[in-house]
Amino acid sequence: MKKPQASGRGLLSCLDQFRGLAPDPHQKAPDQPSCDAWRRSVAGWHSVSHDGPGPTVVIRDGGSAVEQHEGRASRQADDGWWSGRLHELWRVAENAQDVTGLADSLYDMLLRMPGVLAVVGTRWSGGLLHYLRSVTVAEPMPSLVEIERNYDESGESGAPGAPDGDPTVTVHEVSELDGALPHVQVLTAAGTRSLAGCAVPLGQGGWASFMVGTADRDAIDVTLRTRLKQVAEVAMVADGRITARRADEVRQVSDAFLAEASLQMDSSLDVESTVQRVARTAVPAVAEGCVLHLCLPEGLKSVSFAHVDASDQQWLGKVAEDAWLTEALRQVLGSGQALALTGDGLRGGPFGPASSGAGRAVRAISVNPLKARGRVLGTLTFLYHRAVVAEGASQFLAGLADRAALAIDSSTLYEQRRRHVVSLQRHLLPRELPRIPGITLSSAYEVGDVSLDVGGDFYDAVPGAQGGVTLLLGDVCGRGAAAAALTGLARHTLRTLLEDGSTPEHALERLNQALVRESTSRFVTALVAVLVPDGEGFRARYWSAGHPAPLMRRADGIVEELVAHGDLLGVLEDIEYGSGSVRLAPGDALVMFTDGVTEARAADGMFFESRLRDEVARQGAGGAQGFAERLAKAVVEFRATGADDIAVLVARAESIG
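Note that residues are indexed from 1 along each chain, following the sequence as it is written. In view of the model being predicted, local features appear only for residues whose pLDDT reaches at least 70, and side-chain atom pairs are presented and counted only at 80 or more, with totals across whole chains, interfaces and linings using the full set of residues. Note that water and hydrogens are dropped before the side-chain values are worked out from all heavy atoms of the structure.

Participant: Would you take a moment to explain the overall build of the chain for this structure?
Facilitator: On a plain count of helices and strands, the chain comes out with 15 helices and 23 strands. For the exposure calls, accessible area comes from a 1.4 Å probe over protein chains only, and a residue counts as buried if that area is under 20% of its type's maximum, exposed if over 50%, partly exposed in between. Looking at the chain residue by residue over its 657 residues, the buried ones come to 47%. Any two residues whose heavy atoms approach within 4.5 Å are treated as being in contact. Restricting the contact set of the chain to residue pairs at least 6 apart, pairs at least 24 apart contribute 63%. Carbon together with sulfur atoms contributes 50% to the accessible area of the chain, which is approximately 31,700 Å² in total. Helix and strand labels come from DSSP, where a helix needs a run of H or I of at least four residues and a strand needs a run of E of at least two; each type is numbered from the N terminus. Surface exposure here means Shrake-Rupley accessible area, sampled with a 1.4 Å probe, where a residue is shielded only by the protein chains that are shown.

Participant: What am I meant to see in the pairing of strand E13 (residues 375-384) here?
Facilitator: For a regular strand, the rule is simple: side chains alternate between the two faces of the sheet. The buried count for E13 comes to eight of ten residues, which makes it a mostly enclosed element. Any two strands with at least two DSSP bridges between them are considered paired. Two strands pair when backbone bridges link them, and strand E9 (residues 289-296) and E13 are joined in this way by six bridges, in the antiparallel orientation. Within E13, the residue paired with Gly289 across the bridge is Leu383. As paired strands, strand E12 (residues 364-372) and E13 are joined by nine bridges and run antiparallel to one another. Within E13, the residue paired with Lys371 across the bridge is Val376. Where E12 hands over to E13, the hairpin turn is made up of two residues, of which Arg373 adopts a positive phi near 55 degrees.

Participant: Please clarify how the nonpolar core should be interpreted in this entry.
Facilitator: One recurring pattern in soluble globular proteins: nonpolar side chains tend to sit buried together. With 49 residues, the main nonpolar core has Leu471, Leu531, Leu569, Leu584 and Leu590 as its most contacted residues. Non-local contacts of Leu531, meaning those with residues more than four positions away in its chain, are made with Ile439, Gly467, Gly468, Val469, Leu471, Phe538, Arg539, Ala540, Leu584, Leu590 and Ala651. Put simply, a nonpolar core is a bunch of buried Ala, Val, Leu, Ile, Met, Phe, Trp, Tyr and Cys residues held in one set by side-chain atoms that sit within 4.5 Å of each other. Ranked by size, the runner-up nonpolar core spans 35 residues in total, among them Leu86, Leu102, Val116 and Ala232.

Participant: Whenever I open this one, the packing of helix H10 (residues 393-428) against helix H11 (residues 481-499) confuses me. Can you help?
Facilitator: Axes are the key here: two packed helices are described by the angle between their axes and the distance separating the axes. A fitted line through C-alpha atoms serves as each axis, taken over the contacting stretch for helices, and the angle formed by two N-to-C directions is quoted from 0 to 180°. The interhelical angle for the contact between H10 and H11, taken along N-to-C directions, is 25 degrees, at an axis separation of 10 Å. Accordingly, the angle class assigned to the pair H10 and H11 is roughly parallel. Along its contact with H10, which presents Leu424, His427 and Leu428, the element H11 presents Ala484, Thr487, Gly488, Arg491 and His492. Residues belonging to the contact of H10 with H11 are distributed by class as follows: three nonpolar, four polar and one charged. Our angle categories are set so that under 35 degrees counts as roughly parallel, over 145 as roughly antiparallel, 65 to 115 as roughly perpendicular, and the remainder as oblique. Polarity classes work like this: nonpolar for Ala, Val, Leu, Ile, Met, Phe, Trp, Tyr, Cys and Pro, charged for Asp, Glu, Lys and Arg, and polar for all others, with Gly in that last group.

Participant: What am I meant to see in the sheet that holds strand E5 (residues 143-150) here?
Facilitator: Strand pairs in the sheet, formed through backbone hydrogen bonds, run parallel or antiparallel to each other. Spatially, the six strands line up as an open sheet ordered E5-E4-E3-E8-E7-E6, and their pairing is antiparallel. Both outer strands of the open sheet, E5 and strand E6 (169-173), are each paired with one neighbouring strand and no more. Across the sheet, the axes of successive neighbouring strands diverge by a mean angle of 20 degrees, strand direction being ignored. Each of strand E3 (116-125), strand E4 (128-136) and strand E8 (207-214) is contacted by helix H4 (residues 103-111), which is oriented at about 145 degrees to E3, the strand it contacts most. Strand contacts of helix H6 (residues 222-266): E3, E6, strand E7 (194-201) and E8, with the helix running at about 25 degrees to E7, the strand carrying the most contacts.

Participant: Got a minute to help me understand the packing of aromatic side chains in this structure?
Facilitator: In this description, an aromatic ring pair is defined by two values, namely the gap between the centres and the angle between the planes. The aromatic pairing rule takes the rings of Phe, Tyr and Trp, using the six-membered ring of Trp, and pairs them if the centres are within 6.5 Å, calling planes under 30 degrees apart stacked, those over 60 edge-to-face and the rest tilted. Under the definition given, this model contains seven aromatic pairs. A ring pair is formed by Phe608 and Phe638, whose centres lie 5.3 Å apart and whose planes are at 65 degrees; its orientation type is edge-to-face. Placement of the pair is Phe608 in the loop between helix H13 (595-598) and helix H14 (612-620) and Phe638 in helix H15 (residues 627-638), with a sequence separation of 30 residues. For the pair formed by Phe608 and Phe638, the shared burial category is buried. An aromatic cluster of three or more residues is present, and its members are Trp124, Tyr151 and Trp207.

Participant: Sorry, what's going on with the sheet that holds strand E20 (residues 559-561) here?
Facilitator: Spatial ordering of the open sheet is given by E14-E23-E22-E19-E20, a layout of five strands whose pairing is antiparallel. Looking at the sheet topology across the chains shown, the edges are occupied by strand E14 (439-446) and E20. Pairs of neighbouring strands in the sheet enclose a mean axial angle of 20 degrees, with direction left out of account. Bridge count between strand E19 (residues 551-553) and E20: three bridges; the pairing is antiparallel. Counterpart to Leu551 in the pairing with E20 is Glu561. Seen against the sheet, H14 touches E19, E20, strand E22 (589-593) and strand E23 (646-653) and runs at an angle of roughly 40 degrees to E19.

Participant: In this structure, what is going on with unusual backbone geometry? I would like to understand it.
Facilitator: For residues that are not glycine, phi is negative in most cases, and the peptide bond is trans in most cases. Cis geometry is adopted by the peptide bond preceding Pro284, which originates at Val283 and carries an omega value of 0 degrees. For Pro284, the location among the structural elements is in the loop between helix H7 (271-282) and E9. Of note in the backbone geometry, Glu148 takes a positive phi value of approximately 50 degrees without being a glycine. Owing to a relative accessible area of 46%, Glu148 belongs among the partly exposed residues under this scheme. You will see that Arg373, though not glycine, has its phi angle at about 55 degrees, which is positive.

As structure tokens, this is what we get:
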């Protein structure tokens, strides 16, 4: 810094120069204005320059024209410098991830203004002061102090109010402000007597203030006030962009999470598995704890819970039935509206600083109703260790609750339908098979279609009047209510006629006539076998109406196909049946099945029909009891595709006497 060469106006400018801050040689910023060229070209002039903006001090031995010209040039250079720095600030703002990213450039610009001794910034939420940032001529390195103190509740006056509208610059004497406030203390320590302040609103309900302190009020001229407002506006606009960008990012993340959560929760149609997935999906992605309650016939019950800390799982299970929490849940169920509780709202319950155990860490809870298809199913409760529930999370939580409710309702309806189908299917099949002397009967039925429509396969066994048994097995084309109706008609028609003494041919003829009269588009296949005692074994005669041929497994493991062709039932008025007869010695087994067995297909495209004989031989070696079940299980394990039901009926001859 050059030594002043004159007094008067030159000394005043020299003070301005002293208050300025020399530029950082490492900082990439537009060139600072300089009047060195003027000083070199004007003889007889003595000048004092400084490295910041502002007029160059010019000492003239006589005359004023050159002085006025140099003053105008200096102001133009100062304006150019400020414009360049302001443009650079906008560029920083464009890429900033947070408004604090502007701090270094913004504070440096203001500190280089003539007469400025200190620049202080504060970040507020209402009366809560989060932090203070400052730079001074004496301490040009930025200082950041975390405060997190609520001055509205501290009893100390003077906390600035939140801005209302566009940024406005106000001027104050430091001595008139509350000395207990941190920013006032910094300004006082820097030797400032006056300050210009400008407050700007920020996202999420917060706001910030920027203050420049000077040694006297005269230094706060129009230029300083204008430039303070300009940088404040840059900060406000940048924060608006950042807030919008963050909101968009949060929205994208939320949408992606909700989509993934839907996939996870919809991946199972089992009620218990679904409710467990809901809790596991939410923790810890959404909150530290989650409890799911359902409205069951016995009342509101906790059915699933999860906590980020495994050691707190047992505690959460007990808290889920707490009376205080139950009352909050009933409030949500009654209103149908979500509820969020923090601070005083947690008093009296098992959560918050006043509680004991793991509940002390909980700072907020949210409860959302589970509503699907016009019904309230229960509640979804989240426990947070954060100070407050994040602003804007209500819509996200409502979306998550809606998806959870739909998944739970879908699995519940599926389970109800499954029980109904099982009950209906049970009534379409015999409750149990009869016990026939000399014959061991076994049966199996496996549902193949995950749609849970009732299948059309059926079987039955009718004891003979003089010993023996008549076996019947059939398959109605298709599935669903229409197929179930025809299944009931076919089974009960055949059984009733056979019990009344009709021959199998007559029983099949009567069934065909009944189906033709119904004018149904569905056909039926059927297989009837009559086993009568014959010495130590049995004589079997069978009739087929378009049904897959049965197999005979001999006691030594050899498997034979009993070929019998015939017409389908329900298609033509006059039909022919294929028939045949065979003798069963002790240990021989007659194996009857539907086409769900032969048409089961493996992942490589192979049909089970190609290995059916081998499996009959293998599974029959395991004994008479459970023969049919073992064969059906082998089909299910083999099957990768194929949605047809499987029905198997096996009669094995045993020694008589």
